[in-house]
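Examining the three-dimensional arrangement
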Amino acid sequence: MSHHIDMEEHNEPEPVLLSKHAKNLLRFLNLLPARMASHDNTRSTIVFFAVCGLDVLNSLHLVPPKMRQDIIDWIYGGLVVPRDQEKKCGGFMGCRAMVPKSEDAEILDCMRKYQWGHLAMTYTSLAVLVTLGDDLSRLDRKSIVDGVAAVQKPEGSFSACIDGSEDDMRFVYCAATICYMLDYWGDVNKETMFQFITRSLRYDYGFSQELEGEAHGGTTFCALAALHLSGQLHRLDATTVERMKRWLIFRQMDGFQGRPNKPVDTCYSFWIGASLCILDGFELTDYTKNREFILSTQDKLIGGFAKWPQATPDPFHTYLGLCGLAFTGEPGLSPVNPSLNMSMAAYAHLQHLHEQWRSANGRGDADLSVSSAFKQQLHLSKGVEASPTTTTTSNSPLISAQ
């Protein structure tokens, strides 16, 4: 049953320390603590958590105009646009280690061979640009999507980059977000992507990271969001969707766990919560228990949320914890688009860009459908629903196909 937060039922509910969380995230835009040095090569993801977290906190005004422009320019500094005769490796890098400050042509040519876009860094970079209100006019959208298509595997999954990378459901999601945000799918094969996703549906109705793996909350989100963003969610039959909801709802203890028999973790308030929002099932969760667990990981001194109570807060869990609270309608937080993992304000800006692009060239992919429960939650007035069809969605050898 659904449990909405009613302040009159509790004497003094613990408050969400909004200003402390904003200051905590703002600090990560200026420096990284020594314990996070190993994350330097994925710095754009940290910028994503900080900027998008401030946006959900309605605190982007804390980022001065010059700093905002500096962040935008820094993001563009990692853009890779392949030259003629080079591999299709367009996209964004996660750091600037491969961009030396040198005028030596030999050094620059050598480093050029190691510059290629990374799907996760491209997704987070685009999300930051959109959240900061950039018009994306400096992008060659085709070059970036060509880079996405170049890393798609024959079975439908995607590698993170053009060379030397793993491939799994995480990058299927990143590929879908990139193509959706750029309103262009190019040579990306959505059909084989769909087949990879559905083959990853396990006997218990969660999705695994790769074929024949274990169902996991994070990759279940990646799978469902990729289907939603690519306009293929309607291809899941009703029985399978209900069983997916059941698997997701059973991940709630007080907060949410990622897998059966695992401890709860702040980040799954987003991964599981967003999955249920996509499937119109979030109202079936216990809002109060979810909130209580998230707040048990809140650092009351410096702000931020941690993985578990008494653990050290970090930008990742802070941002996803805030998003999990936003799904419950927590006062002071901006509504969040579950599939794109950004605020609805940023999503509205993205829709405006799509309208401009379509008006200019007379083309564009169909708008993202928004589920009825999500529309109600975010007070949306309208959305586009895909036409219902039925298809086989489970290929597990342990059960008969639906």
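Here the structure is a predicted model, which is why all the values come from computation and not from measurement. Going along each chain's sequence as written, the residues are numbered from 1 onward. Local features are withheld for residues below a pLDDT of 70 in this predicted model, meaning they are given only at 70 or higher, and side-chain atom pairs are given and counted only at 80 or more; totals for whole chains, interfaces and linings count all residues. Side-chain measures here rest on the full set of heavy atoms in the structure, leaving out hydrogens and waters.

**With respect to the packing of helix H7 (residues 169-181) against helix H9 (residues 217-229)**
With axes taken as lines fitted to C-alpha atoms, and helix axes fitted only over the stretch in contact, angles between N-to-C directions fall between 0 and 180 degrees. Elements are defined by DSSP. Helices are runs of H or I of four residues or more, strands are runs of E of two residues or more, and each kind is numbered from the N terminus. Two elements in contact, H7 and H9, have axes separated by 8 Å at closest approach and are oriented at 30 degrees. Classified by the angle between their axes, H7 and H9 sit roughly parallel to one another. As for how H7 packs across H9, the hand of that crossing is left-handed. Along the contact surface, H7 presents Met 169, Arg 170, Val 172, Tyr 173, Ala 176, Thr 177 and Tyr 180, while H9 presents Thr 219, Phe 221, Cys 222, Ala 223, Ala 225, Ala 226 and Leu 229. When describing relative orientation, an angle under 35 degrees is termed roughly parallel and one over 145 degrees roughly antiparallel, while 65 to 115 degrees is termed roughly perpendicular and anything else oblique. Each helix crossing is assigned a hand: it is left-handed if the near helix lies turned anticlockwise from the far helix by less than a right angle, otherwise right-handed if that turn is clockwise. Only heavy atoms enter the contact rule, under which two residues are in contact if any of them lie within 4.5 Å.

**A few points about the packing of helix H2 (residues 43-56) against helix H13 (residues 315-327)**
Running from N to C, H2 and H13 point in directions that differ by 30 degrees, and their axes come no closer than 9 Å. As judged from the angle between their axes, H2 and H13 are roughly parallel. At the point where H2 passes H13, the crossing takes the left-handed sense. Residues Ile 46, Phe 48, Phe 49, Cys 52, Gly 53 and Val 56 of H2 pack against Pro 315, Phe 316, Tyr 319, Leu 322, Cys 323 and Ala 326 of H13. Here the residues of the contact of H2 with H13 sort into 11 nonpolar, one polar and no charged. Residue classes follow a fixed rule: Ala, Val, Leu, Ile, Met, Phe, Trp, Tyr, Cys and Pro count as nonpolar, while Asp, Glu, Lys and Arg count as charged, and any other residue, Gly among them, counts as polar.

**A few points about the nonpolar core**
Membership of the largest hydrophobic core comes to 110 residues, with the highest contact counts inside it found for Leu 29, Ile 71, Leu 119, Phe 158, Ile 197 and Phe 221. Ranked by residues supplied to this core, first place goes to H7 with 11 residues. Filtering out sequence-adjacent residues up to four positions away, Ile 71 remains in contact with Leu 29, Val 47, Val 51, Val 63, Val 128 and Leu 132. Residues grouped as a nonpolar core are buried Ala, Val, Leu, Ile, Met, Phe, Trp, Tyr and Cys residues, joined through side-chain atoms within 4.5 Å. Whether a residue is buried, partly exposed or exposed follows from its accessible area with a 1.4 Å probe, protein chains only, as a fraction of its type maximum: under 20%, in between, or over 50%, in that order.

**Regarding the pattern of salt bridges**
We define a salt bridge as a contact between a side-chain nitrogen of Lys or Arg and a carboxyl oxygen of Asp or Glu at a distance within 4 Å. Per the counting criterion, the structure on display carries 15 salt bridges. In this structure, Arg 202 and Glu 212 form a salt bridge, with 3.2 Å as the shortest nitrogen-oxygen distance. Taken as a pair, Arg 202 in the loop between helix H8 (190-199) and H9 and Glu 212 in the loop between H8 and H9 lie far apart in primary sequence, 10 residues in all. Take Glu 212: its relative accessible area is 59%, and that puts it in the exposed class. We note a salt bridge from Lys 289 to Glu 292, for which the minimum N-O separation is 3.9 Å. You can see Lys 289 and its partner Glu 292 sitting in helix H12 (residues 287-296), three residues apart, about one turn around the helix. Lys 289 gets classed as partly exposed once you look at its relative accessible area, which sits at 40%. Here the salt bridges share partners, and the residues they tie into one network are Glu 166, Asp 168 and Arg 170.

**Observations concerning the confidence of the model for the protein**
Note: pLDDT gives the predictor's confidence per residue, expressed from 0 to 100. Of the residues in the protein, 87% have a pLDDT of 70 or more, and the chain-wide mean is 88. In the predicted structure, residues 366-402 sits below a pLDDT of 50 and forms 81 contacts with residues beyond four places in sequence or in another chain.

**A closer look at the environment of Tyr 184**
Mapped onto the elements, Tyr 184 comes out in the loop between H7 and H8. Once the C-alpha coordinates of Tyr 184 and Asp 146 are considered, the two residues, 38 residues apart in sequence, prove to be 10.0 Å apart.

**Notes on helix H10 (residues 238-249)**
A helix is expected to span 1.5 Å multiplied by its residue count minus one. Between its terminal C-alpha atoms H10 stretches 16 Å, which fits the 16 Å expected from 12 residues at 1.5 Å a residue. Every buried residue belonging to H10 is among Thr 240, Val 241, Met 244, Lys 245, Trp 247 and Leu 248, and all of these are buried. Looking down the long axis of H10, one finds its buried residues gathered within 160 degrees of arc, a one-sided arrangement. Turned more than 90 degrees away from the buried face of H10, the exposed residues are Ala 238 and Arg 246. For H10, the elements touching its buried residues are H9 and helix H11 (268-278). The opening residue of H10 is Asp 237, an N-cap whose side-chain oxygen sits 3.2 Å from the backbone nitrogen of Thr 239. This arc is taken over the directions from the axis of the helix to the C-beta atoms. Throughout this description, a polar contact denotes any pair of N or O atoms lying within 3.5 Å of each other; where both atoms belong to protein, one of them has to be capable of donating a hydrogen while the other can accept it, and for residues adjacent in sequence the pair is counted only when both atoms sit in side chains.

**Overview of empty space enclosed by the protein**
Whether a set of points on the 1 Å grid over the protein atoms alone is a cavity depends on a 1.4 Å probe fitting there but being unable to get out, while an open set qualifies as a pocket with protein on both sides within 12 Å along at least five of seven lines; lining residues are those with an atom within 4 Å of a point. Grid points are joined across faces, edges and corners, and a volume is the space filled by probe spheres set on the points. Tallied over the entire structure, the rule returns one cavity of 30 Å³ or more. Lining of the largest cavity is provided by Lys 88, Cys 89, Gly 90, Gly 117, His 118, Leu 119, Thr 122, Gly 147, Val 151, Ala 160, Cys 161 and Ile 162. Considered class by class, the residues forming the lining of the largest cavity number six nonpolar, five polar and one charged.

**With respect to the packing of aromatic side chains**
Paired rings are identified among Phe, Tyr and Trp, the last through its six-membered ring, by centres lying within 6.5 Å, and are further divided according to the angle between planes into stacked (under 30 degrees), edge-to-face (over 60) and tilted (the rest). Taken as a whole and assessed by the stated rule, the structure comprises 15 aromatic pairs. Measuring from ring centre to ring centre gives 5.5 Å for Tyr 123 and Tyr 173, while their planes differ by 75 degrees; the resulting arrangement is edge-to-face. A residue pair is termed long-range when its members are at least 10 positions apart, and Tyr 123 in helix H5 (residues 119-131) and Tyr 173 in helix H7 qualify at 50 residues. On the accessibility criterion, Tyr 123 (5% relative accessible area) is buried. Accessibility expressed as a relative area gives 5% for Tyr 173, which makes it buried. Centre to centre, the rings of Phe 282 and Phe 327 are 5.8 Å apart; their planes meet at 65 degrees, and the pair counts as edge-to-face. Of the two residues, Phe 282 sits in the loop between H11 and H12 while Phe 327 sits in helix H13, which places them 45 residues apart along the sequence.

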